[in-house]
Amino acid sequence: MKNKTRKYSARKILQVHWRGAKEFHRIAPKFFLSQSCKAAFEAVTPYVTIFFSARIINELAGLRRPEALKYWVILALAVEAGLALTRYGIARWADPIHSLAAYQEDTVPYLKKLFSMDYADVDSQATKEMLNKIRLNESYVGLGFPTIRSMNELLGAFIGILSAITLTISLFTSKVPQESPLAVLNQPLFFVMILALVVGTALLSGYLSGKCWSMQVRLNEEGTQGNNIFGHFMSLGSQRPASVDVRLYEQQEIAAHYFETASTFRHGGGYETKVIKPGSWYDAFGAALSAALTGFIYLFTCLKAWGGAFGVGLVTQYVGAVTALSRNISNLLTSWGQLEGNVEAMELIFEFLDIPNSMYQGSLTTEKRSDRQYEVEFKDVSFRYPNTEAWVLRHVNIRFQVGQRLAVVGENGSGKTTFIKLLCRLYDPTEGQILLNGIDIRKYDYRDYMNIFSVVFQDFQLIAQPLGNNVAGAMDYDRSKVEKALRDAGFGDRLAEMPKGLDTYLYKDLDKEGVEVSGGEAQKIAIARALYKDAPFIILDEPTAALDPLAEAEIYSKFDQIAGDRTAVYISHRLSSCKFCDEIAVFDHGQVVQQGGHEELLSNESGKYHELWHAQAQYYAQKEAEG
Ligand code: ADP
């Protein structure tokens, strides 16, 4: 954290925040316009009150003309009422825009980028660490976009300074009559003194609050770690399945230990000693300074009024304006200091937003062919995950045509899922080519290419949305088609029991009447989702891993009927589930070591398939005997 206090040039600070503001504008297009109007309005209105009070007091203390008093009071009331109404109108317009922006700033820009990035980068450790750091920066002192959101305070402070200067000018141009002994106050020296005091106080209190801020920023690492600890234990306590384990093994004591000893927010911890305690001294000193300034301004203006330079009512105006001037200069400095502290966080955000898409994007269309004549071929494909050394796939050659049933079997870690990830172009092969109808898949338009696949991954996710939306993956969908997909996936009976049919929410996250579905039911919904997409290739990557082998085999063979004329690729480490397939590819340490039909593979007694089959057969025999 050494460079947390690093100084940046004004140009750099402006450059970074100009881009930050442009990015923010993309998230919330009306934000800056609405908030600037609000800030400008808020900055000017206090002076209106000061102005009218001064006029009314002047009249009361001076000529006391009823007509003039009536005039000022009515005008003041009318203007104040108008301002109140305007304030209400601006708030009605600007506040919802502000809340929406504050709500979206920590998700929208990152999600947009994540959805458009190469999957390899989404999945990389470096990206995860970057996102985590961005989040922690935000949650600690609001570094990143939240600071961009507060940039309108700069404008408010600037307008505040201009308004205060306007109201202060006459303090120096109104002279005490020469014959008065107080005429000495007309000396330019007093102007210089007051100016020096105002600017000095502002600089000092701006410096002090900047120091408070940088103390917070310097504690960023410890603070974010503290927040991390809170967040971690919070989720341990409330989220399944961890919360169950925590209870069973009484791990709450570990949580308590961390709160009491490890977090910087503990009693006597870094936050207390390095931020709160010194910060309170700075606050007190800043408050004392501004009280001293106010006292001096009172003395000066009262003496000038006493000497006859202006009416007593203007004393309030000048004191109000001069102290506001000092306060706004100080706010300007504080906001600027915050921008400086925000540079590093913004640069990290830009680094994330600028991750380039390096996967080649072709433009060929896969033309959803009505004859569904597709052929996929892996031609000598080898693959390593980015930034790793080990080959996960090595010289894979495999070809399959539409309508076929292909099984990919092999032990855990043999490369089956990776094979599917390459097929779906989540990654490109490190060596070799994957061809669709003889053309390298990189040459196809990516979205178009993805349209020919439906995949149910092992760790498929359903979302806390209505059942129908989950299956269709869309807000508007064909209800009868969704119902058919659910029935085909074996969810028909359960659907009939759903309280609101397709509109029933899954899980209770967003609807207290949502339905908790079991692992098996969730898997059927995931399969229905794949069927609804009606892609020519349908891939099941061990979505049944939670089920026992016999149940899995039953689902797979039933699925065989459902798949109809589609090409189905089944992935399993359980051989018996896939023995009905036309073609079985046996993976071992990233290589296809055998390929053929079940009987053919089994007859080769020295083959991997034979070995795996016999190793697993005992288990099935035992299960069947039990069943
Ligand atoms: P299977 O589906 O046969 O169980 P996988 O394709 O999931 O096997 O994994 C094959 C190998 O690749 C394993 O050794 C696994 O640790 C490694 N692997 C999987 N995903 C990644 C990743 N994102 N980064 C690095 N290595 C990975």
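Residues numbered from 1 in each chain as written. Predicted model: local features only at pLDDT ≥ 70, side-chain atom pairs only at ≥ 80, totals over all residues. Heavy atoms only, no water.

A look at empty space enclosed by the protein
Counting across every chain of the model gives one cavity of 30 Å³ or more. Roughly 40 Å³ of internal volume is contained in the largest cavity. Thr147, Ser150, Met151, Leu154, Ser335, Gln338 and Leu339 are the residues that line the largest cavity. Broken down by element, the lining of the largest cavity gets its largest block of residues, three residues, from helix α14 (residues 313-353). Taken together, the residues of the lining of the largest cavity sort by class into three nonpolar, four polar and no charged. (1 Å grid on protein atoms, 1.4 Å probe; cavity = no way out; pocket = protein on both sides within 12 Å on 5 of 7 lines; lining within 4 Å. Points joined across faces, edges and corners; volume = space filled by probe spheres on them. Helix = DSSP H or I, 4+ residues; strand = E, 2+ residues; numbered from the N terminus. Nonpolar A, V, L, I, M, F, W, Y, C, P; charged D, E, K, R; others polar.)

Focus: unusual backbone geometry
At His395, a residue that is not glycine, the phi angle is positive and equals roughly 50 degrees. For His395, the position within the fold is in strand β2 (residues 393-401). We note that Arg425 has phi near 60 degrees; this positive angle belongs to a residue other than glycine. Of note, Arg425 is situated in the loop between α15 (416-423) and β4 (431-436).

What about the layout of surface pockets?
Counted as a void, the largest pocket has a volume near 1800 Å³. Residue lining of the largest pocket: 43 residues in total, with Phe115, Leu426, Met450, Phe457 and Lys533 positioned closest to the centre. The element contributing the most residues to the lining of the largest pocket is helix α20 (residues 519-533), with five residues.

Some points on the site of the ligand
All residues in the neighbourhood of the ligand are listed as Asp123, Tyr385, Val392, Glu411, Asn412, Gly413, Ser414, Gly415, Lys416, Thr417 and Thr418. Between an oxygen atom of the ligand and a main-chain N or O atom of Gly413, the distance comes to 2.7 Å. Interatomic distance of 2.9 Å between a side-chain N/O atom of Lys416 and an oxygen atom of the ligand. Class assignment of the residues belonging to the shell around the ligand gives a composition of two nonpolar, six polar and three charged. (Near = heavy atom within 4 Å. Polar contact = N/O pair within 3.5 Å; in protein donor to acceptor, adjacent residues only side chain to side chain.)

Re the sheet that holds strand β7 (residues 537-541)
If you trace the six strands from one edge of the open sheet to the other, you get β6-β7-β8-β3-β9-β10, paired in mixed fashion. Among the strands making up the open sheet, the edge pair consists of β6 (453-456) and β10 (591-596). Adjacent strand axes in the sheet meet at a mean angle of 15 degrees when their direction is disregarded. Taken together, the five bridges between strand β3 (residues 405-410) and strand β8 (residues 567-572) define a ladder with parallel strand orientation. Along β8, the bridge assignment pairs Arg405 with Ala568. Sheet strands touched by α20: β6 and β7. Its angle to β6, the strand with the most contacts, is close to 180 degrees. (Pairing = 2+ DSSP bridges. Axes fitted to C-alpha atoms, helices over the stretch in contact; angles between N-to-C directions. Contact = heavy atoms within 4.5 Å.)

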